[in-house]
Amino acid sequence: MERKFESKTKLAVAAAIIAVMGIGGAFAYFTDTDQAVNSFTVGKVQIELQEPSWNADNPPKNITPNQVIEKDPQIKNTGKNNAFMFVEVQVPYGNISTADAEGHIGSKADTELFTYTLNRGWVEVGTPVKNSDSNTFTHVYAYSENNKMTEVLPNTVTGTVFDEVKFVNAVNDEGLEETTQNINVTAYGIQVTDIGDGTTNKTSPADVWAVIKNQFA
């Protein structure tokens, strides 16, 4: 009888252990989770082309050969981000004869009707592009020094591209009399970082201008 009772006791204990093990699947564990919310404020590249000395309401009239006219384009960064700046200057040309300082008249040639002196801090990108349909030469200038673009901070103005233009020393009867001639200036701004393929940042005037041309193509 004692052996049978002992066997039953062992069976009961074993059953209890199995029951405890079965309950273990419902035990609670210490756990935790967390989440980061990253806020990004999107920037803004915005520019304003200014010409402080140019009177758009009263442009010069009846200009004469070698006349000097105040014209001083510059660019203001009115956005939120630093920017690289460029200007495109479209100058009219004519197939004309001009006189030198001694009065000698040269042969007819396609000649830009206005000249100017590029100010320090600006460099020409490439060579002028001639457009025979509009009778213009287009120049591209970058705000740059030492072959590296200059960053323009928000609410900051570049130096002037040039300060004045000079009308060509054209001789009489070249077909310019009583015509209206326009110099078109177009300003461009672009962000200073993440320009290109994402592995390198472009800073040379030629490389950055290539990106802008593709952007506005």
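Residues numbered from 1 in each chain as written. Predicted model: local features only at pLDDT ≥ 70, side-chain atom pairs only at ≥ 80, totals over all residues. Heavy atoms only, no water.

Trainee: Account for the overall build of the chain, naming residues and giving values.
Mentor: Looking only at helices and strands, the chain has two helices and twelve strands in total. Mapped from its N terminus to its C terminus, the chain presents α and β elements in the order α-β-β-β-β-β-β-β-β-β-β-β-β-α. Across the 217 residues in the chain, those meeting the buried criterion constitute 29%. Long-range pairs, those at least 24 residues apart, make up 70% of the contacts in the chain between residues at least 6 apart in sequence. Accessible area for the chain stands at about 15,000 Å²; split by element, carbon and sulfur atoms hold 50% of it. (Helix = DSSP H or I, 4+ residues; strand = E, 2+ residues; numbered from the N terminus. Buried < 20%, exposed > 50% of the residue type's maximum accessible area, 1.4 Å probe, protein only. Contact = heavy atoms within 4.5 Å. Areas by Shrake-Rupley, 256 points an atom, 1.4 Å probe, with all protein chains shown as cover.)

Trainee: Give a description of the pairing of strand 4 (residues 83-96) that names residues and reports values.
Mentor: Across the 14 residues that make up strand 4, a large majority, eleven, are buried. Alignment of strand 4 against strand 12 (residues 184-191), held across eight bridges, turns out to be antiparallel. Paired with Met85 across the strands is Gly189, a residue of strand 12. When strand 4 meets strand 9 (residues 136-145), the two strands line up antiparallel, connected through seven bridges. Across the sheet, the residue bridging to Val89 is His139, located in strand 9. (Pairing = 2+ DSSP bridges.)

Trainee: Hey, could you go over the pattern of salt bridges for me, with residue numbers and the actual values?
Mentor: Here the structure, examined in full by the defined rule, presents four salt bridges. A salt bridge links Glu51 to Lys71; the shortest N-O distance between them is 2.8 Å. Separated by 20 residues along the polypeptide, Glu51 in the loop between strand 1 (47-50) and strand 2 (68-70) and Lys71 in the loop between strand 2 and strand 3 (74-77) bring together distant segments of the chain. For Glu51, a relative accessible area of 22% translates into the label partly exposed. Overall, Lys71 belongs to the buried group, its relative accessible area being 6%. Taking the shortest distance from any N to any O, the salt bridge between Glu145 and Arg120 comes out at 3.5 Å. Within this pair, whereas Glu145 is found in strand 9, its partner Arg120 is found in the loop between strand 6 (114-115) and strand 7 (122-124), the two being separated by 25 residues in sequence. In this structure Glu145 comes out as partly exposed when scored by relative accessible area, which is 38%. Residue class for Arg120 comes out exposed when judged on its relative accessible area of 77%. (Salt bridge = Lys/Arg side-chain N within 4 Å of Asp/Glu carboxyl O.)

Trainee: I'd like to hear about the side chain of Asp72, residue by residue, with values.
Mentor: Within the secondary structure, Asp72 is located in the loop between strand 2 and strand 3. Look at Asp72: it is buried, it has no salt bridge, and the nearest opposite charge is Lys71 at 7.5 Å. Only 2.9 Å separates the side chain of Asp72 from the side chain of Ser53, close enough to count as a polar contact. Ignoring anything within four residues of it in the chain, the contact list for Asp72 reads Gln50, Glu51, Pro52, Ser53, Trp54, Thr160, Phe162 and Asp163. (Lys, Arg positive; Asp, Glu negative; His and termini not counted. Polar contact = N/O pair within 3.5 Å; in protein donor to acceptor, adjacent residues only side chain to side chain.)

Trainee: Break down the packing of aromatic side chains for me, with residues and values.
Mentor: Overall, the coordinates contain eight aromatic pairs when judged by the stated rule. Geometrically, the ring pair formed by Phe86 and Trp209 is tilted, given 5.2 Å between the ring centres and 40° between the ring planes. Here Phe86, found in strand 4, pairs with Trp209, found in helix 2 (residues 205-215); they are 123 residues apart in sequence, far enough to count as distant. By relative accessible area, which is 8% here, Trp209 ends up buried. Each ring, one from Tyr188 and one from Phe216, has its centre 5.3 Å from the other, and the planes form 75°; the classification is edge-to-face. (Phe/Tyr/Trp six-rings, centres within 6.5 Å; stacked < 30°, edge-to-face > 60°.)

Trainee: Please set out the confidence of the model for the chain residue by residue, giving values where relevant.
Mentor: Model confidence for the chain is summarised by a mean pLDDT of 85, while 82% of its residues fall at 70 or above. Under a pLDDT of 50 for its full length, residues 17-23 has, in the predicted model, zero contacts with residues more than four places off or in other chains. (pLDDT = per-residue confidence, 0-100.)

Trainee: How would you explain unusual backbone geometry if you had to name every residue and give the values?
Mentor: Of note in the backbone geometry, Asn146 takes a positive phi value of approximately 55° without being a glycine. Mapped onto the secondary structure, Asn146 falls in the loop between strand 9 and strand 10 (148-149). On the basis of relative accessible area, Asn146 is assigned to the exposed category, the value being 78%. Even without glycine at this site, Glu178 takes up a positive phi of about 60°. Within the secondary structure, Glu178 sits in the loop between strand 11 (164-167) and strand 12. On the basis of relative accessibility, which here comes to 86%, the residue Glu178 falls in the exposed class.

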